Amino acid sequence: MFKSKIAGIGKYVPKNVFTNNDLMKYMDTTDEWIQERTGIKERRYGDRTGETTTTMGVAAAKIAIERAGITPQDIDFIVFATLSPDYYFPGCGVLLQRAMQMKDVGALDVRNQCSGFVYALSVADQFIKSGMYKNILVVGAEKHSFGLDFSTRGRNVSVIFGDGAGAAVLQPTEKENQGILSTHLHSDGTHAEILAMYNPGTHANHWVKENKLADFDEAEMGEMFFSHAMLDKAQVFPFMDGQSVFKVAVEKFPQVIKESLEANQLTTADLSLLIPHQANLRIAQFVQKKLQLREDQVFNNIQKYGNTTAASIPIALCEAWEEGKVKEGDLVCLAAFGSGFTWASALLRW
Ligand code: UT7
């Protein structure tokens, strides 16, 4: 059986920088609140004319493919992770295949939100290991800025998220001490509704009744896939019970990181770099402390980009690599937690 390695990595963030002070023009918030609770100073928002989740994914993919020393025509499978697709269907995978004029290869869309990239990487890893494919493009991209409530009502969610994309090319490697060592995927749907966007959807109020969702007018909200009532009551934006999410995140992140190390008979002392999903700087700092990692063992860039969900890990991995913080032979752990809940890790030797 083969192992897979990341042969090329790329990232793209839109040019438009939106600071915390810029957000204050739209909602009742402060730079101080945002920085203190999340560590975020600014984020990027995609261009309103023509920049989509897929076009950002394409920009990152072009760099990853070039760095892998191949062309788009060499790609034999696409895995695209996002929660903010260009269309409800079809998914971004086929739009990227078309935009990059790739062969008519398979395109799989992954919907695991913040864990999306690690899930996508894990799927690609299995296809490489089995020998089925030789060049898989894995993309994580988000255009959150089109789907957030920028009024004060939505401030607990909207200040966190940003736009961007990251991509990696996976190839087989025969080197003994290189590549993805293992991946670990988890889910627990018990809390599906505490970090979710309910509409448009086919829930028909079923889950709403069962889970007694706050602020949800069941008579009007679930009768149609999409309705005027949903718009009028602003039920078309993401909902998050931040404190509950935070509590579970700080429990699951360390667990899944340790799981990946133990599965490979390694310890935190062996870890060169942890790249956590950039959910909140306070979560990353908590995880660092809990695992007794040195500051230089954890990479964070949420300060500049906010939380870019499925794109956050590949953007951070790419930036760390560009800054020379990921070198050949390094042990790197990617770890994610988010809506679902889903959480996941991947341990790799660069
Ligand atoms: O990547 C997906 C996974 N998501 C996460 O991991 C997010 C985890 N959760 C968090 O990061 C934090 O819960 C948040 C940063 C989202 C919120 O921080 P918090 O300390 O949990 O704040 P809170 O929601 O409990 O709100 C505290 C107060 C409230 O006011 P009152 O009721 O105490 O008067 C909020 O209305 O802060 C208020 N608030 C804000 N104030 C200024 C909420 N959002 C804002 C805001 N600016 N943007």
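Residues numbered from 1 in each chain as written. Predicted model: local features only at pLDDT ≥ 70, side-chain atom pairs only at ≥ 80, totals over all residues. Heavy atoms only, no water.

Engineer: Where do I start with the domain arrangement of the chain in this structure?
Structural biologist: For an interface, size is often stated in terms of accessible area lost upon the parts coming together. Taken domain by domain, the chain consists of domain 1 (3–173) and domain 2 (198–236). Distance from the C-alpha centre of domain 1 to the C-alpha centre of domain 2: 28 Å. (Domains from an automatic or database assignment.)

Engineer: How do you make sense of the site of the ligand when you look at a structure like this?
Structural biologist: Contacts to the ligand come from 21 residues, most closely from T29, R37, Q243, N280 and N307. At 3.3 Å from an oxygen atom of the ligand is found a side-chain nitrogen or oxygen belonging to W33. In isolation the ligand exposes 950 Å². Once the protein is present, 73% of that is buried. Going through the elements one at a time, α2 (31–38), α6 (155–158) and α10 (242–263) are the ones with two or more residues in the shell around the ligand. When residues in the shell around the ligand are grouped by element, the largest group, four residues, is from α10. (Near = heavy atom within 4 Å. Polar contact = N/O pair within 3.5 Å; in protein donor to acceptor, adjacent residues only side chain to side chain. Areas by Shrake-Rupley, 256 points an atom, 1.4 Å probe, with all protein chains shown as cover. Helix = DSSP H or I, 4+ residues; strand = E, 2+ residues; numbered from the N terminus.)

Engineer: Help me out: how do you make sense of the packing of aromatic side chains in this one?
Structural biologist: Inspection of every chain in the model, using the stated rule, returns twelve aromatic pairs. Ring centres 5.7 Å apart and planes at 70° place the aromatic pair Y45 and F150 in the edge-to-face group. Within this pair, whereas Y45 is found in strand β3 (residues 42–45), its partner F150 is found in the loop between β6 (136–142) and α6, the two being separated by 105 residues in sequence. A ring pair is formed by F253 and F337, whose centres lie 6.3 Å apart and whose planes are at 55°; its orientation type is tilted. One end of the pair, F253, is in helix α10; the other, F337, is in strand β12 (residues 331–338), and 84 residues separate them in sequence. F337 carries the same exposure label as F253, and that label is buried. Clustering of aromatic rings is evident, with ring pairs tying together F18, Y26, Y45 and F150. A cation over an aromatic ring shows up here: K143 above the ring of F146, its NZ or CZ 3.8 Å from the ring centre. (Phe/Tyr/Trp six-rings, centres within 6.5 Å; stacked < 30°, edge-to-face > 60°. Buried < 20%, exposed > 50% of the residue type's maximum accessible area, 1.4 Å probe, protein only. Lys NZ or Arg CZ within 6 Å of the ring centre and 35° of its normal.)

Engineer: Looking at this model, I keep getting lost on helix α4 (residues 92–99). Mind explaining?
Structural biologist: Every α-helix winds through 3.6 residues per turn, so residues three or four apart in the chain are directed the same way. Three or more residues of α4 are buried, namely C92, G93, L95, L96 and Q97. On its buried face, α4 is in contact with α3 (53–67), β4 (77–81), β5 (106–110) and β6. Remark: Q101 follows α4 within two positions and exhibits a positive phi of approximately 50°. (Contact = heavy atoms within 4.5 Å.)

Engineer: Sorry, what's going on with the pattern of salt bridges here?
Structural biologist: Where charged atoms of side chains with opposite charge meet at close range, the side chains can pair. For the structure shown, the criterion picks out twelve salt bridges. Measuring nitrogen to oxygen at the nearest pair gives 3.1 Å for the salt bridge that ties D22 to K25. Close ionic contact of K252 with E251 constitutes a salt bridge, the shortest N to O distance being 3.7 Å. For E251, a relative accessible area of 40% puts it in the partly exposed group. Look at the salt bridges and you will find they share partners, linking K11, R67 and E322 into a network. (Salt bridge = Lys/Arg side-chain N within 4 Å of Asp/Glu carboxyl O.)

Engineer: How should the state of the cysteines be read in this particular structure?
Structural biologist: Every disulfide links exactly two cysteines, by a covalent bond between their sulfur atoms. Summed over the entire model, instances satisfying the criterion amount to zero disulfides. Left without a disulfide partner, C92 is nearest to the cysteine sulfur of C114, which lies 16 Å away. Judged by relative accessible area, which is 1%, C92 ranks as buried. For the unlinked cysteine C333, the closest cysteine sulfur is that of C114, found at 16 Å. (Disulfide = S-S within 2.5 Å.)

Engineer: For this particular structure, what's the right way to read the sheet that holds strand β8 (residues 179–187)?
Structural biologist: The mixed open sheet is built from four strands, whose spatial order is β8-β13-β12-β11. Looking at which strands have only one partner, the edges of the open sheet turn out to be β8 and β11 (273–276). The sheet shows a mean angle of 10° between the axes of neighbouring strands, direction not considered. Note that β8 and strand β13 (residues 342–349) share eight bridges and pair antiparallel. The partner of G179 across the bridge, within β13, is R349. The sheet strands contacting helix α5 (residues 116–129) are β8, β12 and β13, and the helix crosses β8 at an angle near 125°. (Pairing = 2+ DSSP bridges. Axes fitted to C-alpha atoms, helices over the stretch in contact; angles between N-to-C directions.)

Engineer: So what exactly am I meant to see when it comes to unusual backbone geometry here?
Structural biologist: Where the residue is not glycine, phi is negative for most of them; where a peptide bond is considered, it is trans in most cases. A cis amide bond, omega 0°, links F89 with the succeeding residue P90. Positionally, P90 belongs in the loop between β4 and α4. Residue P200 follows N199 across a cis peptide bond; omega there is -5°. Checked against the element boundaries, P200 lands in the loop between β9 (195–196) and α7 (206–211). One non-glycine residue, Q292, adopts positive backbone phi at about 55°. Along the polypeptide, Q292 turns up in the loop between α11 (281–290) and α12 (302–305).

Engineer: Any chance you could explain the side chain of K11 here in plain terms?
Structural biologist: Residue placement: K11 occurs in strand β1 (residues 3–12). Classification of K11 as buried rests on a relative accessible area of 18%. A distance of 3.0 Å separates polar atoms of two side chains, one belonging to K11 and the other to E322. Setting aside anything within four residues of it in sequence, one finds K11 in contact with A60, I63, A165, G166, Y305, I315, C318, E319 and E322.

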